[in-house]
Amino acid sequence: MSATQSGAGAGVAARVGTRGEPGRPGSAVAALVAAVLGFFVITLDVSGVTIALPAVRAELGGSMSGLQWVVDSYTLMFAALMLSAGALSDAVGARRAYGWGLGVFILASLACGAAPTLGALTAARVVQGSAAAVMVPSSLALIRQAFPEPGARARAVALWTVGGAVAIAAGPVLGGLLTTAWSWRAVFCLNAPAGFAGFLVLLRAARSPRHPAAFDLPGQLTAVLALAALTFAVIEGGHSGLTGTVLAAAGVAVLSGAGFVAVEARRRTPMLPLELFRQRGVTVPVIAGFALNAAFYGGVFVLSLFFQEQRGQSALSAGLMFVPMAVITAIGNYLSPRAVSRYGPRTVVVLGLLTVALGCGDLLAVGISTPAWVTALLMIPLGIGGSLAMPALTSLMLDSVAAERAGTAAALLNTSRQTGGALSIAVFGALLAGGFVPGMRESLLLAVCLLAATALGAAALLPRR
């Protein structure tokens, strides 16, 4: 699938161009390399950690809900803070914001690697996700600043996007290798040298200008509270039933969500202008991005546990199961812009959604005795469909809004995708509580229904070209 965050969906090219803000030679290339390095690491942290969860539980203990929070605490903060992180980047300058985010991310990663308990690990993941939310919009702002010419910028953003796409696909493989060769802690410690390299390259990038930006504190607080309460209600409700605490959390989620809409409708400078949703070119990508990430993240979460806890595979063996899908994902991200140019975004988006649905559907036949090579091949449609659809969705969304709202649109798409991933892990993990294999099949069937419904909606709402 395409990266946890969105790019411009342009074709990948070796020639990126070097014209940037006047200053030191090579500053544009330095900005691009720093942005890609950071994006690769934060995206890797989403998928690479999932394969290490059984090893985390073996060492630190904890329940299935605890493991869900290890993943969702990161993804939730990532999603909830994304919309306002762009304002911070504008206010302090993209290079400075990116440097701050990268520094906090490295420190939080080291804290994850040294965590003595599951609670400490989850707390460090919250900080990690918050830092990642700052890094994504500031990395795109760095690229926009360094490449003012549209063609060069499109190629640069495409490279940025592919870096994330490779990370999200290769995460389970690398996570399995590190967990088997050393420890699950190595998955987090890997971020330190990569982050340090990003810092060194960032020093060569041109300084970023500052722009006045309003911070929407009421909107931000209600968004965080709504997403956190909803995820808590789903995770705990799946394991404990409809207790008073779960019902209270659900109530808080509803009230906070309503409060968020009310706040954004009344503010002069909201972090999420609600009128964006009047455009089909915005609404369809938001819903489709949610569905694609829900299927992908939820599927990787369930399958990673299935391979290790039900089939008895090692972390490395489980990670290698994702290799064919990872290879196809990289190829699909390269081909998607060409397919959009030839067939239009509607055809590519609908075909991508249906292909991912096919992938989830064929995995319904997988059982404990299914040969490993068969299971690995059955996962390939997930990579094909997701890598075709996401760049197309990104291009469609950015083409549907004015240039001055491109950052907000990209942040909105990323927020919907991360929210889909967080909620799918919450829901799928709850379904597993009733029996792993039946719960896995119920999860996959739910993903098929969601993707099919989304594909039908996209086919109906999007123009033919």
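Computed from a predicted structure; not experimentally measured.

Rules of the game
- Residues numbered from 1 in each chain as written.
- Predicted model: local features only at pLDDT ≥ 70, side-chain atom pairs only at ≥ 80, totals over all residues.
- Heavy atoms only, no water.
- Phe/Tyr/Trp six-rings, centres within 6.5 Å; stacked < 30°, edge-to-face > 60°.
- Helix = DSSP H or I, 4+ residues; strand = E, 2+ residues; numbered from the N terminus.
- Buried < 20%, exposed > 50% of the residue type's maximum accessible area, 1.4 Å probe, protein only.
- Salt bridge = Lys/Arg side-chain N within 4 Å of Asp/Glu carboxyl O.
- Arc of directions from axis to C-beta.
- Axes fitted to C-alpha atoms, helices over the stretch in contact; angles between N-to-C directions.
- Parallel < 35°, antiparallel > 145°, perpendicular 65-115°, else oblique.
- Left-handed = near helix turned anticlockwise from the far one by under 90°.
- Contact = heavy atoms within 4.5 Å.
- Nonpolar A, V, L, I, M, F, W, Y, C, P; charged D, E, K, R; others polar.
- Expected span 1.5 Å × (residues − 1).

A.B. asks: Break down the packing of aromatic side chains for me, with residues and values.
C.D. replies: Tallied over the entire structure, the rule returns seven aromatic pairs. Pairing tyrosine 74 with phenylalanine 78 gives two aromatic rings, centres 5.7 Å apart and planes at 85°, and the pair type is edge-to-face. Pair noted here: tyrosine 74 and phenylalanine 78 are both in helix 3 (residues 64–92), with a separation of four residues, about one helical turn. With respect to class, tyrosine 74 is no different from phenylalanine 78; both count as buried.

A.B. asks: Lay out the pattern of salt bridges with the relevant residues and their values.
C.D. replies: Per the stated rule, a full pass over the model turns up three salt bridges. Where aspartate 45 meets arginine 125, a salt bridge forms, and the shortest distance between an N and an O atom there is 2.9 Å. Of this pair, aspartate 45 sits in helix 1 (residues 27–51) while arginine 125 sits in helix 5 (residues 118–146), and the two are 80 residues apart along the sequence. On the basis of relative accessible area, arginine 125 is assigned to the buried category, the value being 0%. Among the ionic pairs, arginine 57 bridges to glutamate 309, the shortest N-O distance being 2.6 Å. With arginine 57 in helix 2 (residues 53–60) and glutamate 309 in helix 11 (residues 280–310), this pair connects stretches of sequence that are 252 residues apart. Judged by relative accessible area, arginine 57 falls into the partly exposed class, the value being 22%. On the basis of relative accessibility, which here comes to 31%, the residue glutamate 309 falls in the partly exposed class.

A.B. asks: Before we move on, could you go through helix 2 and cite the residues and values that matter?
C.D. replies: Along helix 2, the positions that sit buried rather than exposed are Leu53, Pro54, Val56 and Leu60. The arc that holds the buried residues of helix 2, viewed along the axis, is 160°, so those residues lie on one side. Just beyond helix 2, the residue with positive phi is glycine 61, at close to 75°.

A.B. asks: Can you lay out the packing of helix 11 against helix 16 (residues 380–399) for me, pointing to particular residues and giving the numbers?
C.D. replies: Across the interface, helix 11 lies against helix 16 with an axial gap of 9 Å and an inter-helix angle of 155°. Judged on the interaxial angle alone, helix 16 and helix 11 are roughly antiparallel. Where helix 11 crosses over helix 16, the handedness of that crossing is left-handed. In this structure, helix 11 uses Gly281, Val282, Pro285, Val286, Ala288, Gly289 and Leu292 to contact helix 16, whose residues at the interface are Gly386, Ala389, Met390, Leu393, Leu396 and Met397. In terms of residue class, the contact of helix 11 with helix 16 is made up of 10 nonpolar, three polar and no charged.

A.B. asks: Could you give an account of helix 8 (residues 191–202), naming the residues involved and the relevant values?
C.D. replies: The end-to-end C-alpha distance of helix 8 is 16 Å, a good match for the 16 Å that 12 residues give at a rise of 1.5 Å each. Along helix 8, the residues that are buried comprise Asn191, Gly195, Gly198 and Leu202. On an axial view of helix 8, the arc spanned by its buried residues comes to 55°, and they lie on one face. Away from its buried face, by an angle of more than 90 degrees, helix 8 presents the exposed residues Pro193 and Phe196. Contact partners of the buried residues in helix 8: helix 1, helix 4 (94–113), helix 5 and helix 7 (185–189).

These figures capture arrangement, not role.
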